[in-house]
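# Structural description and commentary
Listed below are the residues making up each chain.
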Amino acid sequence: MVYLTRKAEFAASHYYHNPELSPEENRQLFGKCNNPNGHGHNYLLEVTVKGEVDPRSGFVVDLKELKDVLNREVLDAMDHRFLNKEVPEFATRIPTTENIAIAVWERLAPRLRRAQLHRVRVYETSDLFVDFYGEA
Amino acid sequence: MKAHLTRRYRFSASHRLHSDAMSPEENQRTYGKCNNPHGHGHNYALEVTVSGPVDAATGMVCNLVDLDGFVAQHVLARFELENLNTLPEFTRRVPTTENLCAVIYDVLRDGFAKAQVEKVRLEETMMNSFEYAGGAELRP
């Protein structure tokens, strides 16, 4: 089994707000992240796939295919977007780094053919990242 | 949905690697420059990984305010700008980064209740780092 990781960057804005909580509870829970005008990050994404090395190609995965899927399913949807308003998953889920990692997994996992998705890592800043392994 | 969250912190401290169980020559041979009796310092970078279900109401594994508060009070305040050899944790253990990593892991595991503590990763310099997860096998 070999693991391969591809990095990608995207810039997006978001804010944290739960409509079921009062304005005071939202402010208390989310602090500055609750500002409805949003704020932004340069997100760094690391997508790790695993699989056996194909004896003919020497590849775990066709990198071009992985890059195309990543561009189409994730970057086109999230880069330079206001996540809360422009990405459907975040109409009902708060776009925390945790939920972004889950959304990226859900967008990629069904579309990878040869290799199996192992981990999605999303850095919100260089000091904070989330790993999602597809665990229930 | 279970996710893993990692937060990075920094602190600076000094140490000297020396074992009372070894002769001066053996200490010198084992620890080299790190055996200098006056000690030396590092800018450590600490990565704490916690896990848990993503809360449906908050979208979070745990509130970063809680994690930051715990680490600031129980880890950073304890080691920042200290000579590690003078601390009670290292009266009988050599303050290698392996041992420091394990001490920090134990502090978190025993005291931080808001999420599962998975792993502590400690960078001593840009060129070396250590990981400890309580003896459990690390993820590939």
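Within any chain, residue numbers begin from 1 and follow the written order of that chain's sequence. Labels follow written order: the first chain is A, the first ligand is 1, and so on. Side-chain atom pairs in this predicted model are given and counted only at pLDDT of 80 or more, local residue features only at pLDDT of at least 70, and totals for whole chains, interfaces and linings cover all residues.

A few words on the overall build of chain A. Helical segments are the DSSP runs of H or I of at least four residues, strand segments are the runs of E of at least two, and each set is numbered from the N terminus. A tally of helices and strands in chain A yields 4 helices and 5 strands. The dimensions of chain A, computed from C-alpha atoms along their principal axes, are 60 × 30 × 25 Å. For chain A, the proportion of its 136 residues judged to be buried stands at 29%. The contacts in chain A between residues at least 6 apart in sequence include a share of 68% that link residues at least 24 apart. Every C-beta atom is placed from the backbone, and the number of other C-beta atoms within 10 Å of a residue's own sets its class: buried at 20 or more, exposed at 12 or fewer, partly exposed in between. Residues are scored as being in contact if the C-beta atoms we place from backbone atoms lie within 7 Å.

Within chain B, the secondary structure is distributed over 3 helices and 5 strands. Its helices and strands in sequence order give chain B the pattern β-α-β-α-β-α-β-β, from N to C terminus. On the principal axes, the C-alpha backbone points of chain B span a range of 60 × 30 × 25 Å. A fraction of 68% describes how many contacts in chain B between residues 6 or more apart in sequence connect residues 24 or more apart.

Right, let's get into the packing of helix α2 (residues 64-79) of chain B against helix α3 (residues 97-111) of chain B. Residues and elements named next belong to chain B. Only the contacting stretch of a helix is used when fitting its axis, a line to C-alpha atoms as for every element, and angles between N-to-C directions run 0 to 180 degrees. Running from N to C, α2 and α3 cross one another at 130°; their axes reach a closest spacing of 10 Å. The angle between α2 and α3 falls in the class oblique. Two packed elements cross with a definite hand, and for α2 against α3 that hand is right-handed. Across from Phe70, His74 and Val75 in α2, the residues of α3 making contact are Ile104, Val107 and Gly111. Residues are grouped as follows: nonpolar covers Ala, Val, Leu, Ile, Met, Phe, Trp, Tyr, Cys and Pro; charged covers Asp, Glu, Lys and Arg; every other residue, Gly included, is treated as polar. Within the contact of α2 with α3, the residues separate by chemical class into 4 nonpolar, 2 polar and no charged. Our angle categories are set so that under 35 degrees counts as roughly parallel, over 145 as roughly antiparallel, 65 to 115 as roughly perpendicular, and the remainder as oblique. Handedness of a crossing follows from how the near helix is turned relative to the far one, being left-handed for an anticlockwise turn of less than a right angle and right-handed for a clockwise one.

We now examine the pairing of strand β1 (residues 2-14) of chain A. A regular strand carries its side chains on alternate faces of the sheet. Residues and elements named next belong to chain A. Here β1 runs beside strand β2 (residues 39-51); their pairing, made up of 13 bridges, is antiparallel. Bridging from a neighbouring strand, Leu4 pairs with Val49 of β2. Note: two strands are recorded as paired if DSSP finds a minimum of 2 bridges between them. The pairing of β1 with strand β3 (residues 81-82) spans 2 bridges and is classified as parallel. Residue pairing for β3: Ser13 is matched across the bridge by Phe82.

When the parts of a complex come together, some accessible area is lost, and that lost area is often used as the size of the interface. Tallying the contact residues gives 21 residues for chain A and 15 residues for chain B. Elements with a minimum of two residues in the side of chain A that touches chain B: α4 (97-108) and β5 (128-132) of chain A. When residues of the side of chain A that touches chain B are assigned to their parent elements, the largest contribution, 5 residues, is made by β5 of chain A. Residues of the side of chain A that touches chain B, tallied by class, amount to 11 nonpolar, 4 polar and 6 charged. Pairing of β5 of chain A with strand β1 (residues 2-15) of chain B involves 4 bridges; the strand directions are antiparallel. When the bridges of β1 of chain B are listed, Phe129 of chain A appears paired with Thr6 of chain B.

We now examine the confidence of the model for chain B. Every residue is assigned a pLDDT by the predictor, reflecting its confidence on a scale from 0 to 100. Residues of chain B with pLDDT of at least 70 account for 96%, and the chain-wide mean is 94. Scoring the predicted complex yields pTM 0.88 and, for the interface, ipTM 0.84.

What follows is about the environment of Thr96 of chain A. For Thr96 of chain A, the position within the fold is in the loop between α3 (83-86) and α4. Looking at Thr96 of chain A, the number of C-beta atoms within 10 Å reads 27, which means it is buried. Between the alpha carbons of Thr96 of chain A and Val130 of chain A there is a distance of 9.7 Å; along the sequence they are 34 residues apart. Not counting residues within four places of it along the chain, the set of residues in contact with Thr96 of chain A comprises Tyr16 of chain A together with Gly59 and Met60 of chain B.

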